[in-house]
Amino acid sequence: MKLIIAIVQDEDASKLIATLMDSGFSVTKLATTGGFLRSGNTTLLLGIEDDRVPAAMACIEKVCKSRKQVVTSPMPMGGAGEVYMPYPVEVVVGGATVFVLNVEEFRKL
Ligand code: 2BA
Ligand code: 2BA
């Protein structure tokens, strides 16, 4: 069994969850925050059988598109006092950042 951890954009999350559930996957959704942009993203957990990993990946690839975004990221100015100055940066966000982990044990108690 594998645990897929997929970090996706909030905009893609609802559609991705619907697509995964239509394909018979169980999903847990976490509201998360990216360290760089410090804005919200969504992390999905999927516990699945090994042979279903490609099907889950296909759902993620289909739904999650990468986008260019100009964002105002709070960049630390350094020095004392924790001063942050808004700083515009162009970043490519998404499609998805996906980790696949081996699951040692899966139980429902
Ligand atoms: P954030 O950390 O908010 O990063 C959002 C996007 O900003 C990243 O998109 C990337 O294009 C850009 N970016 C991040 N760090 C940067 C830097 N030091 N300099 C320039 N641009 C930078 P993605 O790579 O698609 O990542 C989307 C989100 O996935 C990230 O949000 C973070 O929450 C998560 N993530 C990505 N890689 C990760 C990793 N290795 N471990 C844990 N979380 C990760
Ligand atoms: P939910 O997805 O909201 O599911 C709540 C309960 O609804 C489930 O309880 C199950 O009894 C039922 N259920 C889920 N999908 C169903 C379906 N397609 N048809 C009929 N009934 C369905 P649990 O199985 O105890 O799961 C509780 C929560 O644990 C789930 O909330 C989900 O957040 C998480 N979860 C369970 N299995 C997971 C897995 N393999 N991967 C990721 N998260 C999982």
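First things first, this report covers the structure right here in the doc.

Examined bridge by bridge, strand β1 (residues 2-8) and strand β3 (residues 40-48) share seven bridges and lie antiparallel to one another. Directly across from L3, in β3, lies its bridge partner G47.

Around ligand 2 sit S26, V27, T28, L45, L46, G47 and K108, and that is every residue in its neighbourhood. A distance of 2.5 Å separates an oxygen atom of ligand 2 from a polar atom in the side chain of K108. Relative to its free-state accessible area of 760 Å², ligand 2 is covered by the protein chains to the extent of 36%. Top contributing element to the shell around ligand 2 by residue count: β3, with three residues. Along the lines of polarity and charge, the residues of the shell around ligand 2 split into three nonpolar, three polar and one charged.

Let's shift gears to the pattern of salt bridges. Close approach of charged atoms allows side chains of opposite charge to pair. In the structure shown here, the tally under the stated rule is two salt bridges. For K2, the salt bridge is made with D50, and the minimal N-O distance between the two is 3.9 Å. Taken together, the residues span a long stretch of sequence, with K2 in strand β1 and D50 in the loop between β3 and α2 (53-63) at a distance of 48 residues. Under the relative-accessibility criterion, D50 is labelled partly exposed at 40%. Across the pair E105 and R107 runs a salt bridge whose closest N-O atoms are separated by 2.5 Å. The same class applies to E105 and to R107, which are both exposed.

About the thresholds
- Residues numbered from 1 in each chain as written.
- Chains lettered and ligands numbered in written order.
- Predicted model: local features only at pLDDT ≥ 70, side-chain atom pairs only at ≥ 80, totals over all residues.
- Heavy atoms only, no water.
- Pairing = 2+ DSSP bridges.
- Helix = DSSP H or I, 4+ residues; strand = E, 2+ residues; numbered from the N terminus.
- Near = heavy atom within 4 Å.
- Polar contact = N/O pair within 3.5 Å; in protein donor to acceptor, adjacent residues only side chain to side chain.
- Areas by Shrake-Rupley, 256 points an atom, 1.4 Å probe, with all protein chains shown as cover.
- Nonpolar A, V, L, I, M, F, W, Y, C, P; charged D, E, K, R; others polar.
- Salt bridge = Lys/Arg side-chain N within 4 Å of Asp/Glu carboxyl O.
- Buried < 20%, exposed > 50% of the residue type's maximum accessible area, 1.4 Å probe, protein only.

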